[in-house]
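Here's the letter readout for the chains.
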Amino acid sequence: MFKASLAGIVLLFWGSQASAEATREPTPYDPQKVVFDFYFNDPVHIGPALYWIRSLMGPLMDEPYGYAPEELDIKVVVHGAEIVTLANNNYEQYREVVERMRYYHSLGIEFRVCGQAADDYGYRVEDFDDIVQVVPNAITELAHWQMRGYALIAPKIMEKRYAIEEIR
């Protein structure tokens, strides 16, 4: 009898869990301190990587959080092939992403270019857009900010193979 009662309770519990619906719970986020690591093998990947910034900022600026952009401390360290997007002589080719970066810069985001990578590409400080700060080295820059409590986010850029409708 005990086994039958236990089995009934288990089935009742599982049945109630199966019919339950998910809930949306707002995590009590604090203002964020984040350093993004942009290191890509194709300059066009900087475009999708900028959506990672939007994905961080958007929910934090919306309700229930309502943080102002200046309450978020976000830095982007650029040191891969995407460095060419920030060179003044490439503005026309990368205008769309540069203008998006200008918008984010106007919200307080700092774009930091690795000086060592700039040297490797043959760029000088004056070759870069004015939203850029050239720093000595990307790796030491990333370590520096992490040691000061910044979360590290390294966007992974994936190629979309299926439309949502195809896999849902």
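Please read these numbers as outputs of a predicted model, since none were measured by experiment.

Let us now look at the overall build of the protein. For the protein, the helix and strand inventory stands at six helices and five strands. If you take every contact in the protein between residues at least 6 apart in sequence, the share linking residues at least 24 apart comes to 72%.

Attention now moves to the nonpolar core. Counting residues in hydrophobic clusters, the biggest one holds 42 residues, and the most contacted among them are Phe38, Ile53, Ile83 and Met101. For this core, the element with the most residues is helix 2 (residues 46–61), which contributes seven residues. Beyond its immediate sequence surroundings of up to four residues, Phe38 is in contact with Ile46, Ala49, Leu50, Ile53, Val76, Val77, Val78, His79, Gly80, Glu82 and Pro155.

Now for the pattern of salt bridges. Under the criterion given, the structure shown has 10 salt bridges. Where Glu110 meets Lys75, a salt bridge forms, and the shortest distance between an N and an O atom there is 3.3 Å. Separated by 35 residues along the polypeptide, Glu110 in strand 3 (residues 110–114) and Lys75 in strand 2 (residues 73–78) bring together distant segments of the chain. Lys75 sits in the buried class, given a relative accessible area of 3%. Ionic contacts of the salt-bridge type, sharing partners, join the residues Asp73, Lys75, Glu110, Arg112 and Glu141 into one network.

This next bit is on the sheet that holds strand 1 (residues 33–38). Pairing is parallel across the open sheet formed by five strands, whose spatial order is 4-3-2-1-5. The sheet terminates laterally at strand 4 (132–135) and strand 5 (151–153), the two strands that pair on one side only. Taking the axes of each pair of neighbouring strands and ignoring which way they run, one obtains an average angle of 25° across the sheet. Relative to strand 4, strand 3 is paired through four bridges, and the arrangement is parallel. Note on strand 4: the bridge partner recorded for Cys114 is Val135. Each of strand 1, strand 2, strand 3 and strand 5 is contacted by helix 2, which is oriented at about 170° to strand 1, the strand it contacts most. Along the sheet, helix 5 (residues 138–147) makes contact with strand 1, strand 2, strand 3, strand 4 and strand 5, crossing strand 1 at roughly 160°.

Inspection of the secondary structure assignment puts Cys114 in strand 3. The buried category is assigned to Cys114, whose relative accessible area is 5%. Spatially, the C-alpha atom of Cys114 lies 5.3 Å from that of Val135, the residues being 21 residues apart in sequence. In contact with Cys114, not counting residues within four places along its chain, are Val78, His79, Ile83, Val135, Pro136, Asn137 and Ala138.

Conventions we followed
Residues numbered from 1 in each chain as written. Predicted model: local features only at pLDDT ≥ 70, side-chain atom pairs only at ≥ 80, totals over all residues. Heavy atoms only, no water. Helix = DSSP H or I, 4+ residues; strand = E, 2+ residues; numbered from the N terminus. Contact = heavy atoms within 4.5 Å. Core = buried A, V, L, I, M, F, W, Y, C linked by side-chain atoms within 4.5 Å. Buried < 20%, exposed > 50% of the residue type's maximum accessible area, 1.4 Å probe, protein only. Salt bridge = Lys/Arg side-chain N within 4 Å of Asp/Glu carboxyl O. Pairing = 2+ DSSP bridges. Axes fitted to C-alpha atoms, helices over the stretch in contact; angles between N-to-C directions.

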